[in-house]
Amino acid sequence: MGMLIEDLKYAVRVHTRNVGPTILALLTLMIGIGAGAAAVSVVNAVLLEPLPYRDPQRIVIPWRLAPADANLGYSEVPWGDTDFLHLLELTSFDSMGAFKSRVFNLTGVGEPVKLEGMKVSAGFFRALGLTPYLGRAFSGNEDREGNEREAILSYRVWQERFHGDRAILGRSIDLNGIPYGVIGVMPAGFAFPRAEEMPGSFDFPRQAEVWVPLALPITDKASGPDELAVIARLKPAVSIATAQAEMNLFATRMERQFPDAKGWYGSRVTGLMEQATAKAREPLLLILGAVGVLLLIACANVSNLLLARSMERRGEFALRAALGAGKMRIVRQILTESVLLSVCGGAAGAMLAAAAIRLLKVLGPANIPRLQEVTLDWRAPAFAFAISLASGILFGTAPAVGALHGEPAKSLRQSGRGAAGSPVGVRLRNAFLVSQMALALVLVVASGLLVQTLLRLLAVDPGFNARGVLTFELSLPAAKYENSDRIAAFYRKTLTILSAIPGVAHAGIVETLPLDGASDATVIHIPGRTDLPGKEPYANYSIVSPDYFSAMGTPLLRGRGFLDSDTASSPSVVIVNATMAKRYWPGEDPMGKQLSLGNFPSKMTILGVVADVKHLSLREEAGPEMFVPYTQKPFPSMQLMHVVLRAGRGLSDRGALSLAGAAREAIRQIDPDVPLSKVTTLPAVVGDSLASQRFSALLVGAFGILSLVLASIGLYGVMSYSVAQRTREIGIRVALGARGATVFAMVLGFGGRLAAMGILTGILVAIGVSRLMAGALYGVRPTDALTFVAAVPVLAVAALLGCYGPARRATRVEPMIALRHE
Amino acid sequence: MNTAAAGLIQLKSIGKVFITEELETHALEDIHLDIRKGEYIAISGPSGCGKSTLLSILGLLDSPSQGDYVLNGKCASDLKAAERARIRNREIGFVFQAFNLIGNLTVRENVELPLIYRGIRSTERRKAAEEALEKVGMSARAKHYPSQLSGGQQQRVAVARALAGNPSVLLADEPTGNLDSDNGKQVMDLLSQLHNNGATICMVTHDLNHARRADRAVHMFDGRIVADRGPRV
């Protein structure tokens, strides 16, 4: 114990005596371990941590897939009511539940509030294997039509609205003006489905707050639009492949029974874990890869610094050996020094990781699930610590062991010759440095490609002009707005009043806001066109108000927009987007053409063509889309609509946001029971759609900068060591007439050659590695020449910064040193 | 100033003081020394007497704390580093005790080094280096590396390097200090031969036998010149 304390004391003295390299090593360890630990903690929590359900590996989602040639812009489509009833007959599943989102207005408990909710069948909770925190889940009884007036609340709503009162069970609450009896409260943190984990084509909430029975009518005839998603629990010992095979047989059976829907019963059975992590996997693996590279650079850096220090101390080790110290005694001393350094670096790294995780929670995009639940996983810093310790021990002790081989006298003589450094040691250090530069270039290229992707996405025309537009959601209580005419009257009055607000240039409403989810899709019929069953033309459709396109700034390419005079008593009209016009009337003028919706016989006439609008992301290829005026075709689905208000000229986005107060007051005066929610600006909606790309670019960019810092530190270390080794040589050159500039250029040239080798190697590595991130890129090739070329001067500047100090130091070498005898 | 009358090198009342944290060390005091063109002068004295300090001032590797140093008619006491480097490169050839060849350069590259710093073109450099190596009898080893040569051979290469730039004066610091007696004698013979061919040589040595081979012997003690014997022109 006494010897260990002695070793520790000496280790502290060694590290503090030579404080520069110690600080560099600690900084390097802190960055490497900190970034590594933070990234591994996030990946572990988001991608690897089991879902909080019983046997989560048995939970699957059988998605219904649109035919490949439907070109909807997405592949997952909802099941119909009758489809679900047929799915319940499948034998692969223990339990199966259907669910769809619904918005509820909770009234009678303080201010009316809009709650994101779900209508779920009784099998929903059974499939998840989850029981409520309080009360019970739905039984088969509530699943029957007429018995559906019961609700289960989220923990948050129970706490915030009912103050955690356990007497909530059995109490009646008003949802959309209809009384529901509360039968349960879900556990804190329960959130299924989460919008960020589900396909964008389903408009699921980020956090459901209330669940009510779905209560499907038991009939073989479709009772409404297809809206259902399905979750199921596999029977024990049944694999996903087996379930998929049964789903395929189901498709064949259904197509035989419903030949008109041929091609629309395809499916994909997806494990819930895979589904929950699918969207986050690519950006997180990208970030994990970047952190891995950063950790490698950090290890190379620490190895280099310790190798240099150990080589400098070869004389000391030889002297100790000459004085009788055993090899193990010396090795133990060096191990103590390495462990001390790694422990301090590890502790600093763990603190950095904890801070980084806190920062990630603030800056991270909402579409990375469970990000808010991430905590520092002790295994992550332990892993990074072990790697850095291993490299420290290896490269800290190897030169010492080398010095202890052979006769002490020889080692002493060698060490006294200024430690020109063993050629192996020098080559190893240079190799580390070249690797560092190469890896840093890979990260710089990766961040360059992601930044370019972000810039190109920002430059994409979304089909509307977001600047100066305020948007919010209106949710009409179903009990009060039970018929379409009443709904239409509400919006007519609302739009009239909103348009009159000072500063509002245009006011419009739309069912599905661009970049906020997919609009509904439907089969259309085009007179004169015969299509095989299952091959009928398809289009997304949306209900809008006459002034909607002006409010959005969506260009009208042909014809005219809707007018208030387009009413139920006038001829039915429709506006199509450019893609729909081109796809279904190629080479023809679509103006005046007719079409009809699904099973509705009435024909609508095309009176205008508007630009394509992005719905799910800026990356998407627009699908066919059409718009109908609410004045002509009000639907009950209009209970939930988005309002868009374009601010007048001179009003910025902030100015647009300032319209919210007046809008809220106007709605309150029209109907105080109508809550106004999701108040934001359109640029914020566009920004949200890019949150994931921005997050990836930000993090990988940060890692790129850190890698440059580390590479610069590494080069500084190598060059400082090299200058120290070559002090005598430099002195001789100066004595022979070399000027300061010549010496400066010589040192810079040496560093430059190493950096150039690193850059060349890095380019080759980056060409290979960047292909792996092709999926994360948009509008830029993985081998984009501009990015690669631009990365070179960035690395060169980092190299210059690393070389500058040692090169300046070299110019200060006194020629007198040439006269000193060794 | 009349160069011919004043000589190649003139030191007037040169002093050098090293100041450390608590100590002021007078390495040189009131040194007066004239060296004429073609002279072969040996500076000797016990360890710490200041002979190497004197040589470093003569070679413009260091500046005097006081006094004047005139080299080739130009005052060289208070020059800036770049100008000192330029004069060192053109006027002075160094032969060091430890040879000071650069290990990763070949013999010829080592000899060319001062010419590179002078900005001479490679063909001329090569020619000058070959001539210098010829003078010291090392032409055959031009492509060797220093580590492949004996100590005596390395010192001959160092002499060739000092000669290559055709300097005004050759400064030799204990040129045989790292050599055995045979190799030491060969190097001393070489210096004598160069002197006979007209070279001006200033050699620091503690070996009185070697000092006697010079035609003028300066003896130092405690930072002062205590004896200056030999033919004066």
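Read on for a plain summary of the structure.

### Quick word on the overall build of chain A
Helix and strand content of chain A: 22 helices and 22 strands. Taken across its 822 residues, chain A has 55% of its residues classed as buried. By sequence separation, contacts in chain A at least 24 residues apart represent 82% of the contacts at least 6 residues apart. Accessible surface computed for chain A: about 34200 Å², of which carbon and sulfur atoms make up 60%.

### Remarks on the sheet that holds strand β1 (residues 9-19) of chain B
All names here are of chain B. Pairing in this open sheet of four strands is antiparallel, and the strands run β2-β1-β4-β5 from one edge to the other. Looking at which strands have only one partner, the edges of the open sheet turn out to be β2 (24-35) and β5 (74-75). Where strand β4 (residues 66-71) lies against β5, two bridges are found, and the strand directions are antiparallel. Bridging across to β5, Val70 finds its partner in Cys75. Running over the sheet, helix α2 (residues 51-58) touches β1, β2 and β4 and is turned about 120° from β1.

### Points about the packing of aromatic side chains
All names here are of chain A. In total, this model carries 26 aromatic pairs over all chains according to the counting rule given. With 5.3 Å between their ring centres and 45° between their planes, Phe190 and Trp211 make a pair best called tilted. Taken together, the residues span a long stretch of sequence, with Phe190 in the loop between β8 (178-185) and β9 (210-213) and Trp211 in strand β9 at a distance of 21 residues. Overall, Phe190 belongs to the buried group, its relative accessible area being 7%. Through a chain of ring-to-ring contacts, three or more aromatic side chains come together here, namely Trp63, Phe99, Phe124, Phe125, Phe138, Phe192, Phe202 and Phe204. The positively charged end of Arg64 is found above the aromatic ring belonging to Tyr265, 5.1 Å away from the centroid.

### Quick notes on the pairing of β4 of chain B
Residue and element names in this part refer to chain B. Relative to β4, β1 runs antiparallel, the two sharing five bridges. Its bridge partner being in β4, Leu11 is matched across the sheet by Tyr69. What sits between β4 and β5 in their antiparallel hairpin is a turn of two residues, with Asn72 showing a positive phi close to 55°.

### Brief notes about the interface of chain A and chain B
Listed by partner, the interface residues are 18 residues for chain A and 23 residues for chain B. In this assembly, chain A and chain B are joined by zero salt bridges. Counting every contact that joins chain A to chain B gives five residue pairs in polar contact (both at pLDDT 80 or more). The class makeup of the residues in the side of chain A that touches chain B is nine nonpolar, three polar and six charged.

### Looking at empty space enclosed by the protein
Summary: where empty space remains is shown by rolling a probe the size of a single water molecule over the atoms. Residues and elements named next belong to chain A. Under the defined criterion, the tally for this structure stands at six cavities of 30 Å³ or more. By volume, the largest cavity is sized at about 100 Å³. Lining the largest cavity are 14 residues, and of these Leu72, Asn540, His615, Glu620 and Gly623 lie nearest its centre. Residue composition of the lining of the largest cavity, by class: six nonpolar, six polar and two charged. Structurally, the lining of the largest cavity is a two-domain feature, drawing no fewer than three residues from each of domain 1 (67-263) and domain 3 (469-685).

### Considerations on the pattern of salt bridges
The full count for this structure, using the stated rule, is 37 salt bridges over all chains. We note a salt bridge from Arg668 of chain A to Glu665 of chain A, for which the minimum N-O separation is 3.2 Å. Pair noted here: Arg668 of chain A and Glu665 of chain A are both in helix α17 (residues 659-670), with a separation of three residues, about one helical turn. A salt bridge links Arg224 of chain B to Glu29 of chain B; its shortest N-O distance comes to 3.3 Å. Of this pair, Arg224 of chain B sits in strand β10 (residues 224-229) while Glu29 of chain B is found in strand β2, placing the two residues 195 residues apart along the sequence. Judged by relative accessible area, which is 38%, Arg224 of chain B ranks as partly exposed. Among the ionic contacts, a cluster of salt bridges with common partners joins Lys114, Glu116, Glu473 and Lys678 of chain A.

Thresholds applied
- Residues numbered from 1 in each chain as written.
- Chains lettered and ligands numbered in written order.
- Predicted model: local features only at pLDDT ≥ 70, side-chain atom pairs only at ≥ 80, totals over all residues.
- Heavy atoms only, no water.
- Helix = DSSP H or I, 4+ residues; strand = E, 2+ residues; numbered from the N terminus.
- Buried < 20%, exposed > 50% of the residue type's maximum accessible area, 1.4 Å probe, protein only.
- Contact = heavy atoms within 4.5 Å.
- Areas by Shrake-Rupley, 256 points an atom, 1.4 Å probe, with all protein chains shown as cover.
- Pairing = 2+ DSSP bridges.
- Axes fitted to C-alpha atoms, helices over the stretch in contact; angles between N-to-C directions.
- Phe/Tyr/Trp six-rings, centres within 6.5 Å; stacked < 30°, edge-to-face > 60°.
- Lys NZ or Arg CZ within 6 Å of the ring centre and 35° of its normal.
- Salt bridge = Lys/Arg side-chain N within 4 Å of Asp/Glu carboxyl O.
- Polar contact = N/O pair within 3.5 Å; in protein donor to acceptor, adjacent residues only side chain to side chain.
- Nonpolar A, V, L, I, M, F, W, Y, C, P; charged D, E, K, R; others polar.
- 1 Å grid on protein atoms, 1.4 Å probe; cavity = no way out; pocket = protein on both sides within 12 Å on 5 of 7 lines; lining within 4 Å.
- Points joined across faces, edges and corners; volume = space filled by probe spheres on them.
- Domains from an automatic or database assignment.

None of the figures reported here should be taken as evidence of function without further support.
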